[in-house]
Amino acid sequence: MAVDRFPSTHATWIEAQLTIAERHRSIGNAEGVSNAMSALRLHLMDRYHDALRAYVRGGSLRRLGDPDDVVGGFFADRACKPEFLGSWRASGLPLRRWMMTGINLYGKSMIRERSRDRELPVGAMDESALVDEKDAVTGFERAWGLAVLNADLAQVHAELAVQARLD
């Protein structure tokens, strides 16, 4: 079995999945689109869930509710939509920065919605409070780095196990 000594990067893999989904969409293969997008959703949630939770906990977004609920809502409403990743692709930004910006914008939309529904008094938390806060960004970066490191360690462990070289 050939070992790829230079595996594709996180962004390269995402780009490949988006391209696969687009190709399947162009030929009308809904199952192929669904499979590629499902793989992308799982990958994003696996890679970014803990980092986004740390970001919510560490900044003004924590006032919006339970971090798991805020992050889950963000994934359901924004991050797992094809247009979210398409816009990221066109932006040229690192995906982790795109995710932080995305959850900030999602938080702003929650504030507007709650203000409209009178759940949150107008002015109780204005949108200008939702900025890149140092503690939130640091928490995100640490959790994201840990998720990347754990994924890489798991891959190396699996490869060494296959080669009977765990010792």
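Calculation rules
- Residues numbered from 1 in each chain as written.
- Predicted model: local features only at pLDDT ≥ 70, side-chain atom pairs only at ≥ 80, totals over all residues.
- Heavy atoms only, no water.
- Salt bridge = Lys/Arg side-chain N within 4 Å of Asp/Glu carboxyl O.
- Helix = DSSP H or I, 4+ residues; strand = E, 2+ residues; numbered from the N terminus.
- Buried < 20%, exposed > 50% of the residue type's maximum accessible area, 1.4 Å probe, protein only.
- Phe/Tyr/Trp six-rings, centres within 6.5 Å; stacked < 30°, edge-to-face > 60°.

Enquirer: Whenever I open this one, the pattern of salt bridges confuses me. Can you help?
Expert: Two side chains carrying opposite charge are able to pair once their charged atoms lie near each other. Summed over the entire model, instances satisfying the criterion amount to five salt bridges. With its nearest N and O atoms 3.5 Å apart, the salt bridge here joins aspartate 68 to arginine 53. One end of the pair, aspartate 68, is in helix 3 (residues 67–79); the other, arginine 53, is in helix 2 (residues 30–58), with 15 residues separating them in the sequence. Note on arginine 53: relative accessible area 24%, which makes it partly exposed. Residues arginine 78 and aspartate 77 are paired through a salt bridge, measuring 3.0 Å at the closest nitrogen-oxygen approach. Arginine 78 sits in the partly exposed class, given a relative accessible area of 25%. Aspartate 77 gets classed as partly exposed once you look at its relative accessible area, which sits at 40%.

Enquirer: Sorry, what's going on with the packing of aromatic side chains here?
Expert: Pairs of aromatic rings are described using the distance from one ring centre to the other and the angle between the two planes. Per the counting criterion, the structure on display carries four aromatic pairs. With a centroid separation of 5.9 Å and 50° between ring planes, the pair formed by phenylalanine 74 and phenylalanine 75 is classed as tilted. The pair formed by phenylalanine 74 and phenylalanine 75 is uniform in burial state, with each residue classed as buried. By relative accessible area, phenylalanine 74 is classed as buried at 0%. Of the aromatic side chains, those joined through ring pairs into one cluster are Phe74, Phe75, Phe84, Trp98 and Tyr106.

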